[in-house]
Amino acid sequence: MEALTSRGRTIRLGVTALCLAVLLAGTIWGQDDHFPFGPFRMYSTSDPADADAPDTRIEGVDHAGALVDLGEGATGIRRAEIEGQQSQYVADPGRLREVADAYTRRHPAAPPLAEVRIVIRWHDITDRRPTGRWADETVVRWEVTP
């Protein structure tokens, strides 16, 4: 095995110092988006013992009044994408047309949708245990227009 040259050692020490500086700066001022050089707060915090747990879903209603699950299997749109842009859907409900169009492309023979909505099911939690009770909250709804 050959010994590391002083130039090689200097480069390695410089890169190591730079990485440590970026890691320290990210830890102090960083956000989740800066991972791995920033903190990943998702796993470093917890909700209060009695905080309800949200379960977001997207659903449609056809003209006969039947409920249609518009999850990833039906539309190809992941729930995380919907949750991540939820405030934008609330600000502009017309954006839910994208979901209706995705459903129609995948299910051309299905009855047409009359409405698309984002619903959060709040599961009741007491002392960090689910109670089995829940309540649904419709956060945005859009009526399909031809």
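Please refer to the structure placed before this passage.
Predicted, not measured: the structure shown is a model, and the values here were computed from it. (Residues numbered from 1 in each chain as written. Predicted model: local features only at pLDDT ≥ 70, side-chain atom pairs only at ≥ 80, totals over all residues. Heavy atoms only, no water.)

## Description of the overall build of the protein
Assigned secondary structure in the protein consists of five helices and four strands. Listed by position from the N terminus, the elements making up the protein come as α-β-β-α-α-α-α-β-β. Over its C-alpha atoms, taken along the principal directions, the protein stretches across nearly 80 × 40 × 35 Å. The 146 residues of the protein split such that 25% are buried. Of the contacts formed within the protein by residues at least 6 apart in sequence, a portion of 59% connects residues at least 24 apart. (Helix = DSSP H or I, 4+ residues; strand = E, 2+ residues; numbered from the N terminus. Buried < 20%, exposed > 50% of the residue type's maximum accessible area, 1.4 Å probe, protein only. Contact = heavy atoms within 4.5 Å.)

## What to know about the pairing of strand E1 (residues 53–62)
Pairing of E1 with strand E3 (residues 113–126), which is carried by 10 bridges, proceeds in the antiparallel orientation. Counted as the bridge partner of Gly60 is Val116 from E3. Across three bridges, the pairing between E1 and strand E2 (residues 67–69) is antiparallel. Looking across to E2, one finds that Glu59 is bridged to Asp69. The antiparallel hairpin formed by E1 and E2 contains four residues in its connecting segment, where Gly65 sits at a positive phi of about 90 degrees. (Pairing = 2+ DSSP bridges.)

## Let's talk about unusual backbone geometry
Most of the time, phi is negative for any residue but glycine, and the peptide bond is trans. Residues other than glycine seldom take positive phi values, yet Asp127 does so here, at roughly 50 degrees. Following the sequence through the fold, Asp127 ends up in the loop between E3 and strand E4 (129–143). In the Ramachandran plot, Arg128 falls in the positive-phi region, its phi being about 65 degrees despite a non-glycine side chain. As for its placement among the helices and strands, Arg128 is situated in the loop between E3 and E4.

## Observations concerning helix H5 (residues 97–106)
Among the residues of H5, those classed as buried are Val99, Ala100, Ala102 and Tyr103. Down the axis, H5 shows its buried residues gathered within 160 degrees of arc, on one side only. (Arc of directions from axis to C-beta.)

## With respect to the side chain of Asp62
Take Asp62: it is sitting in strand E1. Here Asp62 sits buried without a salt bridge, and the closest side chain of opposite charge, Arg117, lies 10.0 Å off (N-O distance). Among the polar contacts listed, one links the side chain of Asp62 to the backbone nitrogen of Ala66, at a separation of 2.9 Å. Non-local contacts of Asp62, meaning those with residues more than four positions away in its chain, are made with Val68, Pro111, Pro112, Leu113 and Ala114. (Lys, Arg positive; Asp, Glu negative; His and termini not counted. Salt bridge = Lys/Arg side-chain N within 4 Å of Asp/Glu carboxyl O. Polar contact = N/O pair within 3.5 Å; in protein donor to acceptor, adjacent residues only side chain to side chain.)

## Some words on the pairing of E3
Pairing of E3 with E4, which is carried by 11 bridges, proceeds in the antiparallel orientation. If you follow Ile118 over to E4, its bridge partner there is Val140. The hairpin formed by E3 and E4 contains two residues between the paired strands, and Asp127 there has a positive phi angle of roughly 50 degrees.

## Some points on the nonpolar core
The nonpolar side chains of a soluble globular protein tend to be buried, and buried together. In this structure, Ile58, Leu70, Leu96, Val99 and Val116 are the most contacted members of the largest nonpolar core, which totals 17 residues. Contributions of two or more residues to this core are made by H5, E3 and E4. If you tally residues by element for this core, the top one is H5, at four residues. (Core = buried A, V, L, I, M, F, W, Y, C linked by side-chain atoms within 4.5 Å.)

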